[in-house]
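Analysis of the macromolecular model
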Amino acid sequence: MPIAHSELIINPDGSIYHLNLKPHQLAATVITVGDLERVKEVSKHFDAIELKVGKREFITHTGVYKNKRISVISTGIGTDNIDIVFNELDALVNVDFQTREIKKELKSLDIIRIGTSGAVQNEIPIDSFLLSQRGIGFDSLMHWYDNDGGDLAFAKAVSQQISRSKLHSAPYVVSCDQDLARKFQSLEMINGNTLTNVGFYGPQSRKIRIQPAEKNLNEHIASFNFEGHKITNLEMETAGIYAMANLLGHRAVSLNAILANRTTGEFSIHPGETVEKLIKFTLDSIVA
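What follows concerns the layout of surface pockets. Taken as a whole, the largest pocket spans an internal volume of roughly 520 Å³. Ile3, Glu7, Leu8, Asn87 and Ala91 are the residues nearest the centre of the largest pocket, which is lined by 18 residues in total. The residue inventory of the lining of the largest pocket, partitioned by class, reads 11 nonpolar, three polar and four charged. The wall of the second largest pocket is formed by 20 residues, among which Thr116, Ser117, Phe200, Glu235 and Met236 lie closest to the centre. The set of elements that each furnish at least two residues to the lining of the second largest pocket consists of β7 (110-119), β11 (233-235) and β12 (251-261).

Structural data, given as structure tokens:
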């Protein structure tokens with residue numbers, strides 16, 4: 001049955017509503033970045049760029065790196081944008097835009113996040129790289145979809161050990177794709193468990209003029225332990241990426257440049273160099 005025009009919005013030029021992309025313009029390997037300015041920092045390494053498309057905070061460059069076609073797209077900040085980006089990426093490969101019907105043979109994208117993050121364990125050094133084995137969602141995105149709940153035992157442990165208001169959504173936990181993650185394992189890559197929350201200040205227990213509701217949140221996060229697994233870092237997209245990829249049948253992994261340590265109070269003195277190093281590492285690992 002065709003998908004209604006109100007549910008799948010296609011622009012007059014045949015592109016998807018928010019991303020402004022047409023199906024043939026998307027590569028099967030996709031790098032996501034939060035910052036739209038970081039798109040060109042990735043694509044500057046391409047041997048050739050075939051297109052640059054932009055709308056709102058969603059900027060896409062598709063090109064070739066060492067004979068591998070890759071798209072890099074900015075999601076903006078937060079899991080609300082992840083919901084938009086992942087649904088539209090999936091529609092580009094799995095919906096026939098002419099008939100507006102889901103294709104009989106579904107395709108799976110490889111999606112790699114290159115992002116920045118703050119560590120919550122004091123032994124994690126500034127300017128290190130961390131691969132998120134799990135995304136722990138304090139946002140509510142996954143709860144708006146019909147699903148099996150992810151890793152329920154891990155999520156239950158999070159609820160029991162990290163006290164929060166009853167007004168907050170229940171946590172969910174989803175793992176990365178292990179086959180894809182293996183491409184990025186190296187001596188310089190830390191494996192961790194990443195907590196995703198809905199904001200940068202209060203939701204991560206930062207305060208400037210307004211007191212956060214959970215004043216000891218980071219201490220509780222740092223002391224969490226479930227079967228030897230700790231929470232290593234905080235950011236704003238990974239859990240949503242893993243949830244949507246899992247639900248839609250895509251492979252995803254999140255790679256984090258650790259620019260801050262919330263326990264020691266440190267922040268990188270050369271964040272741009274660290275992100276640039278992670279970009280080059282990611283591209284070379286994709287084509288290895």
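The structure having been displayed, the exposition proceeds.
This structure, assessed with the given rule, holds four aromatic pairs. Between Phe129 and Phe281, the aromatic rings sit 6.1 Å apart at their centres with planes inclined by 40°, giving tilted as the arrangement. Taken as a pair, Phe129 in strand β8 (residues 129-137) and Phe281 in helix α7 (residues 271-287) lie far apart in primary sequence, 152 residues in all. A relative accessible area of 2% places Phe129 in the buried class. A residue is classified by how much of its surface remains accessible, and Phe281, at 13% relative accessible area, is buried. For the pair Phe154 and Phe224, a centre-to-centre distance of 5.5 Å together with 40° between the ring planes defines the contact as tilted. Highlighted residues: Phe154 in helix α3 (residues 152-161) and Phe224 in the loop between α5 (217-223) and β11, separated in sequence by 70 residues. Taken as a pair, Phe154 and Phe224 share a single burial class, namely buried. Members of the aromatic cluster, connected to one another through ring pairs, are Phe154, Phe224 and Phe226. The ring of Tyr17 carries Lys55 above its face, with NZ or CZ at 4.7 Å from the centroid.

On the surface, Trp144, Tyr145 and Leu247 cluster together to form a nonpolar patch covering roughly 350 Å² of accessible area. Relative to the assigned elements, Leu247 resides in helix α6 (residues 238-248).

The phi torsion at Asn20 lies on the positive side, around 65°, for a residue other than glycine. Asn20 gets classed as partly exposed once you look at its relative accessible area, which sits at 22%. The residue Lys66 is not glycine, and still its phi comes out positive at about 50°. Turning to its location among the elements, Lys66 is positioned in the loop between β3 (58-65) and β4 (68-74).

Conventions we followed
- Residues numbered from 1 in each chain as written.
- Predicted model: local features only at pLDDT ≥ 70, side-chain atom pairs only at ≥ 80, totals over all residues.
- Heavy atoms only, no water.
- 1 Å grid on protein atoms, 1.4 Å probe; cavity = no way out; pocket = protein on both sides within 12 Å on 5 of 7 lines; lining within 4 Å.
- Points joined across faces, edges and corners; volume = space filled by probe spheres on them.
- Nonpolar A, V, L, I, M, F, W, Y, C, P; charged D, E, K, R; others polar.
- Helix = DSSP H or I, 4+ residues; strand = E, 2+ residues; numbered from the N terminus.
- Phe/Tyr/Trp six-rings, centres within 6.5 Å; stacked < 30°, edge-to-face > 60°.
- Buried < 20%, exposed > 50% of the residue type's maximum accessible area, 1.4 Å probe, protein only.
- Lys NZ or Arg CZ within 6 Å of the ring centre and 35° of its normal.
- Patch = residues over 30% accessible without salt bridge, like charges linked within 9 Å, V, L, I, M, F, W, Y side chains within 5 Å.
- Areas by Shrake-Rupley, 256 points an atom, 1.4 Å probe, with all protein chains shown as cover.
- Salt bridge = Lys/Arg side-chain N within 4 Å of Asp/Glu carboxyl O.

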